[in-house]
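One-letter residues, chain by chain:
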Amino acid sequence: GGTPDALPAGRPAAAQGGSENILLVEDEAPLRRVAVRVLKKAGYNVLEAGNGLEALAKVDTGVHVHLLVTDVVMPMMGGRELATKLLERDPDLAVLYLSGYTENAIVHHGVLDADIVFLQKPFHPDELLRRVRQVLDRSGPRTPSPGKS
């Protein structure tokens with residue numbers, strides 16, 4: 001019995017939340033739905049797409065995206081190609097890659113560079129929020145430029 005297994009009173013998620021626009025691209029619909037729910041609950045604005053081509057169409061509507069969260073391996077257009085296209089338009093775009101493969105397998109096969117931020121599937125909602133915040137915080141013009149002491 002006891003109380004249902006609810007999330008604690010929103011404290012952990014709230015601490016890691018934000019209000020940025022996130023483009024979430026994942027071809028597995030159940031996983032995409034869960035990730036969208038977690039991110040929205042934390043305060044983010046989320047656009048979702050099932051593949052790279054769909055994602056490009058969403059961005060073509062003129063919305064400014066702060067973070068791309070994308071599966072690496074998808075039909076039609078993979079996450080790496082999508083990220084490259086979006087970074088050409090907006091060099092400040094932050095990118096978080098998702099994959100069912102281990103980070104080592106992907107880096108070693110040349111799919112991704114070693115300096116990317118990567119989250120292995122399946123992931124815990126808190127881990128997703130932590131990584132999203134980590135990538136957003138280290139990207140973009142908000143970080144002070146090195147050289148100023």
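As the structure is a computational prediction, the values presented were derived from the model and not from experiment.

Chemist: What is the right way to look at the overall build of the chain in this model?
Modeler: When helices and strands are counted, the chain shows 6 helices and 5 strands. Its helices and strands in sequence order give the chain the pattern α-β-α-β-α-β-α-β-α-β-α, from N to C terminus. Here the chain holds 149 residues, and 42% of them are scored as buried. Considering only intrachain contacts with a sequence separation of at least 6, the fraction spanning at least 24 residues in the chain is 63%.

Chemist: What exactly am I supposed to notice about the side chain of K121 here?
Modeler: Structurally, the position occupied by K121 is in the loop between β5 (117-120) and α6 (125-138). Side chain to side chain, K121 and E26 meet in a polar contact 3.0 Å long.

Chemist: Is there a simple way to think about helix α3 (residues 52-59) in this case?
Modeler: Helical periodicity: at 3.6 residues per turn, an α-helix aligns residues three or four positions apart in one direction. Regarding α3, the residues found buried are G52, A55, L56 and V59. Projected down its long axis, α3 carries its buried residues within an arc of 100 degrees, all on one side. Contact partners of the buried residues in α3: β1 (21-25), β2 (45-49) and α4 (79-89). Residue N51 occupies the N-cap position of α3, its side-chain oxygen lying 3.0 Å from the main-chain nitrogen of L53.

Chemist: It is not clear to me how helix α2 (residues 29-41) should be interpreted in this structure. Could you clarify?
Modeler: Look at α2: 18 Å from first C-alpha to last across 13 residues, which is about the 18 Å you get at 1.5 Å a residue. Looking only at α2, the buried set comprises L31, R32, A35, V36, V38 and L39. Taken end-on, α2 shows its buried residues confined to a sector of 165 degrees, consistent with a single buried face. Of the residues in α2, the exposed ones pointing more than 90 degrees away from the buried face are P30, R33, R37 and K41. Where α2 is buried, its residues touch β1, β2 and α6. One or two residues past the end of α2 sits G43, with phi positive at roughly 105 degrees.

Chemist: Looking at this structure, I do not really get the confidence of the model for the chain. What am I missing?
Modeler: Should pLDDT be low for a region, the predicted coordinates there are not to be read in detail. On average, residues of the chain carry a pLDDT of 81, and 72% of them reach 70 or more. Within the chain, helix α1 (residues 11-15) has the poorest average pLDDT of any element, 42, and β1 the best, 97. The low-confidence segment residues 2-15, where pLDDT is below 50, has 3 contacts with residues more than four positions distant or belonging to other chains. Across residues 142-149, confidence stays below pLDDT 50; counting only partners more than four residues off in sequence or on other chains, it has 4 contacts.

Calculation criteria
- Residues numbered from 1 in each chain as written.
- Predicted model: local features only at pLDDT ≥ 70, side-chain atom pairs only at ≥ 80, totals over all residues.
- Heavy atoms only, no water.
- Helix = DSSP H or I, 4+ residues; strand = E, 2+ residues; numbered from the N terminus.
- Buried < 20%, exposed > 50% of the residue type's maximum accessible area, 1.4 Å probe, protein only.
- Contact = heavy atoms within 4.5 Å.
- Polar contact = N/O pair within 3.5 Å; in protein donor to acceptor, adjacent residues only side chain to side chain.
- Arc of directions from axis to C-beta.
- Expected span 1.5 Å × (residues − 1).
- pLDDT = per-residue confidence, 0-100.

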